[in-house]
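Per-entry structural report
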Amino acid sequence: PCVYSAFSSARVLATSYEQGEHVSSKRVASLPQIRRNNLAKASLDLFLKELYLWHEIQTDPNFGNYRIRLNEGGCGDQIVLLDFGAVQKYPASFIEPVCSMICAAFINDLDGVVEGGIALKIMHTEWPAKVLTEFAQICIAVLEPLSISCSAEFPESFNAHGEYCWKQSDLPTRIAKRAAKSAINRYFKIPPKEFVFLNRKLVGVYTFISVLGGQFNGRELLIPFINEYKTA
């Protein structure tokens, strides 16, 4: 929204009214698959830009902060962002190991994931090797929709065209069950608040795409950011 400074003060922020549908509205749900895919991709692309380019992330991804502006012409639908009260500015000391972990998880590099996790203080060098490996494998599993290769372990997560079906994959539930059954629980402590906020945003992005019923392979969006990060 546009900000109207003339009507704003230190305690009141006056903004333009922005028309749009709720993410879970019937109109949005009835959109053709390609339009819902484009909106879902825009959501993921925004998150990757926040993380890799701007280092500034809106960490409150509840659906009340979003609207879907439908283009009656049939293309060019937009996501409207309403609330920036929970924006977090991240220092390079945090962003670097996060991006490094993502790059490592993307190519199934367990050692790289562990190294990033230790730098973020969500893993510790004194943990048993088995626990560090399991933690890294869970981190890699989180990246399943963005991975470099499709997982043969969960074929139901893909449609007939080999595109990832974010809703029917049930990834968050699978990750939670795996973490609960592992030995990590005996070692894992509350991570730094920066990581908690980032995790909340990531879960929000996954949920947003799932509600839209997105069907696409996220690696196509992630690869350019990884390549740019590696050459920076």
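Provided above is the structure to which this section pertains.
The structure presented is a predicted model; accordingly, all values stated were derived computationally and were not measured.

The rules behind these values
Residues numbered from 1 in each chain as written. Predicted model: local features only at pLDDT ≥ 70, side-chain atom pairs only at ≥ 80, totals over all residues. Heavy atoms only, no water. Helix = DSSP H or I, 4+ residues; strand = E, 2+ residues; numbered from the N terminus. Buried < 20%, exposed > 50% of the residue type's maximum accessible area, 1.4 Å probe, protein only. Contact = heavy atoms within 4.5 Å. Phe/Tyr/Trp six-rings, centres within 6.5 Å; stacked < 30°, edge-to-face > 60°. Core = buried A, V, L, I, M, F, W, Y, C linked by side-chain atoms within 4.5 Å.

**Points about the side chain of asparagine 217**
Position of asparagine 217 relative to the elements: it lies in the loop between helix H7 (193-212) and helix H8 (219-231). Its relative accessible area of 10% is what places asparagine 217 among the buried residues. Residue contacts for asparagine 217: discarding those within four places in its chain leaves Pro145, Phe158, Gly162, Glu163 and Tyr164.

**Observations concerning the packing of aromatic side chains**
The way to describe two aromatic rings as a pair is by their centre distance and the angle between their planes. Under the counting rule described, the total for this entry stands at 10 aromatic pairs. Note on tryptophan 127 and phenylalanine 135: the rings are 6.0 Å apart at their centroids and 45° apart in plane angle, and the pair reads as tilted. Here a set of aromatic residues connected by ring pairs shows up, and it is made of Phe158, Tyr164, Trp166, Tyr206 and Phe216.

**Brief notes about the nonpolar core**
Within the largest apolar cluster, 59 residues are counted, with the highest numbers of intra-cluster contacts made by Leu44, Leu51, Tyr52, Val113, Met123 and Leu222. For this core, the elements supplying multiple residues, two or more each, are helix H2 (33-54), strand E2 (66-69), helix H3 (92-106), helix H4 (110-119), helix H5 (129-142), helix H6 (171-181), H7 and H8. It is H3 that provides the largest number of residues to this core, a total of 10 residues. Apart from residues no more than four positions distant in its own chain, valine 113 is found in contact with Met101, Ala104, Ala105, Met123, Ala136, Cys139 and Ile140.

Just distances and angles here, no functional claims.
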